[in-house]
Amino acid sequence: MKSWRAISVFAAALACICAAALVWPGAASTRQASPSAIAAPSAQSQQTPTIQEYNPKSTLVVKEHKIERAKFPFIDIHSHHWNPSPEHVDQLVKEMDTINLRVLVNLSGGTGEELRKTVAAMKGRYPDRFVVFANPSYDDINTPGYGQRAAERLAADVRNGAQGLKIFKNFGMDLKYANGERVHADDPIFDPLFEKCAELKIPVLIHIAEPSAFFDPWDKNNERWEELKEFPQRARPPSKYPPFETLMAERNHLFAKHPKVNFIAAHLAFHGNDLERLGKLFDTLPNMYVDIAAVLAELGRQPYSAHDFLVKYQDRVLMGKDIYDVNEYKWYFRALETRDEYFEYYRRRHAFWRIYGFEVPDEVLKKIYYKNALKLVPGIDAKAFPK
Ligand SMILES: [Zn+2]
């Protein structure tokens, strides 16, 4: 009996609301803005989902192009494979063939003996499918003459098969001298190392800083809130780290003072959220390039700007993926090759938003996929790629 009464009271209330809406349309739109007011009983039984639970299924119906294989053979300039075993390398080649990944650049070659082993495991068995970059060792950074020794080690690594230098993100940010002072990216002690790169005509792929949101307060306004919740150690609070802009200034100074070195700034140089700024940097630094590894969602949320940017700076952008997973490249193909709309991204902690394809012309696509890498990285067989 009680429930019948509740229902009839609710029905009466609903009738009043509907009547009000009919008589006074303004009232209806006010109530629409606040659905809880109109659907009180069911709202009580409906828990508010947490930000992580909320996962609305899109009802949008539009054409979809699921692209499993790149339109042209491509070079992945940004991949990591530490001490790869022969089995891992065999498996890699099989997977690479399925997506038209012609040459994979392993940025984690190390130096010395480790570099030699990595080159042997990859290039030794598949000479035209892999490139290995060396990494500097900082073990002796506190001993005078470091730069010269690092340059000599790099020259030896290149003799042993390295085709570039990769500098990891601890450089310029976490790396410290014994006295506790932070090593700045433009510290002159590294000058001999970078000048050696110019002499050897090898590129430097360099990761400086982190997304700017990691330097901002971890609060409800932070775009990377979910990632910082999942990985709190990725936060770069001002109590422990220099500001994002300081790191950018040091990086730009490094690029400017070595104009003969080709620098590939990883992850759109962390300016994927401000392509105009990145374009201006390109204009002032002709030796600067970027990869798009792990920052596709930045381009995919601004398809018009991304398209125009890639057309304008088509000689400066390289295809890269970072964390290797053969099943994740298809998002890159779809974003670069189609105009698909509002599709889910593969890593929600990077982007809670959906992305859009920005289909670039074939000539631009070829440059991003392989021509720019062929220009920068010595020793890749260009005959495996279309003209
Ligand atoms: Zn990486």
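Structure shown above.
Here goes a summary of the coordinates provided. Values in this document were obtained by computation on a predicted structure and should not be read as measured data. (Residues numbered from 1 in each chain as written. Predicted model: local features only at pLDDT ≥ 70, side-chain atom pairs only at ≥ 80, totals over all residues. Heavy atoms only, no water.)

Focus on the overall build of the protein chain
Counting secondary structure elements, the protein chain contains 15 helices and 8 strands. Evaluated residue by residue, the protein chain yields a buried proportion of 49% over its 387 residues. Counted over contacts in the protein chain with a minimum sequence separation of 6, partners at least 24 positions apart contribute 76%. Counting only carbon and sulfur atoms, one obtains 56% of the accessible surface of the protein chain, whose full area is about 19,500 Å². (Helix = DSSP H or I, 4+ residues; strand = E, 2+ residues; numbered from the N terminus. Buried < 20%, exposed > 50% of the residue type's maximum accessible area, 1.4 Å probe, protein only. Contact = heavy atoms within 4.5 Å. Areas by Shrake-Rupley, 256 points an atom, 1.4 Å probe, with all protein chains shown as cover.)

Describing helix α10 (residues 244-257)
Its 14 residues give α10 an end-to-end C-alpha distance of 20 Å, which sits within 8% of 20 Å, the value for a rise of 1.5 Å per residue. Within the span of α10, buried status applies to F244, L247, M248, E250, R251, N252, L254 and F255. For α10, the secondary structure elements touched by its buried residues are α8 (191-200), β5 (204-206), β6 (263-265), α11 (275-284) and β7 (288-291). (Expected span 1.5 Å × (residues − 1).)

Some remarks on the packing of α11 against helix α13 (residues 303-312)
Contact geometry of α11 with α13 gives a least axis separation of 11 Å together with a crossing angle of 10 degrees. Overall, the two elements α11 and α13 adopt an arrangement that is roughly parallel. From α11, L275, L278, G279 and F282 reach across to α13, where they touch S305, A306 and F309. Considered class by class, the residues forming the contact of α11 with α13 number 5 nonpolar, 2 polar and no charged. (Axes fitted to C-alpha atoms, helices over the stretch in contact; angles between N-to-C directions. Parallel < 35°, antiparallel > 145°, perpendicular 65-115°, else oblique. Nonpolar A, V, L, I, M, F, W, Y, C, P; charged D, E, K, R; others polar.)

Considering the sheet that holds strand β8 (residues 317-318)
Reading across from one edge, β4-β5-β6-β7-β8 is the order of the 5 strands in this open sheet, with parallel pairing throughout. Both edges of this open sheet fall to β4 (165-167) and β8, since each of them pairs with a single strand only. Its contacts with the sheet put α8 on β4, β5 and β6, and the angle it makes with β4 is roughly 145 degrees. (Pairing = 2+ DSSP bridges.)

Overview of the sheet that holds strand β2 (residues 101-106)
Reading across the sheet, the 3 strands line up as β1-β2-β3 and stay open at both edges, with parallel pairing between neighbours. Across the chains shown, the open sheet's two edge strands, defined by having one partner strand only, are β1 (74-79) and β3 (130-132). Taken pair by pair, the neighbouring strands of this sheet meet at an average axis angle of 20 degrees, ignoring direction. With 4 bridges connecting them, β1 and β2 associate as parallel partners. Note that in β2 the partner of S79 across the bridge is N106. Strands in contact with helix α6 (residues 113-122) are β2 and β3; relative to β3, the strand with the most contacts, it is inclined by about 175 degrees.

Things to note about the side chain of E328
Take E328: it is sitting in the loop between β8 and α14 (329-337). Side-chain polar atoms of E328 contact the side chain of K321, separated by 2.9 Å. (Polar contact = N/O pair within 3.5 Å; in protein donor to acceptor, adjacent residues only side chain to side chain.)

Things to note about the coordination of the zinc ion
Protein-derived coordination of the zinc ion comes from H78 (NE2), H80 (NE2) and D322 (OD), at a distance range of 2.1 to 2.4 Å. Mapped onto the sequence, the residues coordinating the zinc ion show the spacing H-x1-H-x241-D. In terms of burial, H78 and H80 fall into one category: buried. (Donors = N, O, S within 2.8 Å, 3.2 Å for Na, K, Ca; no water.)

Side note on the layout of surface pockets
Its boundaries defined by the atoms lining it, the largest pocket holds a volume of some 550 Å³. As for the largest pocket, its lining consists of 26 residues, of which K169, H207, R234, H267 and D322 are closest to the centre. Considering only residue class, the lining of the largest pocket consists of 9 nonpolar, 6 polar and 11 charged. The volume enclosed by the second largest pocket comes to roughly 410 Å³. P56, R348, F352, W353 and R354 are the residues nearest the centre of the second largest pocket, which is lined by 16 residues in total. (1 Å grid on protein atoms, 1.4 Å probe; cavity = no way out; pocket = protein on both sides within 12 Å on 5 of 7 lines; lining within 4 Å. Points joined across faces, edges and corners; volume = space filled by probe spheres on them.)

Looking at the nonpolar core
Of all hydrophobic cores here, the largest spans 111 residues; its most connected members are F171, M288, M319 and Y369. Sorting elements by how many residues they give to this core places helix α15 (residues 362-376) first, with 7 residues. Contact partners of F171, with chain neighbours within four places excluded, come to Y138, H184, A185, F190, F194, I206, H207 and I208. (Core = buried A, V, L, I, M, F, W, Y, C linked by side-chain atoms within 4.5 Å.)

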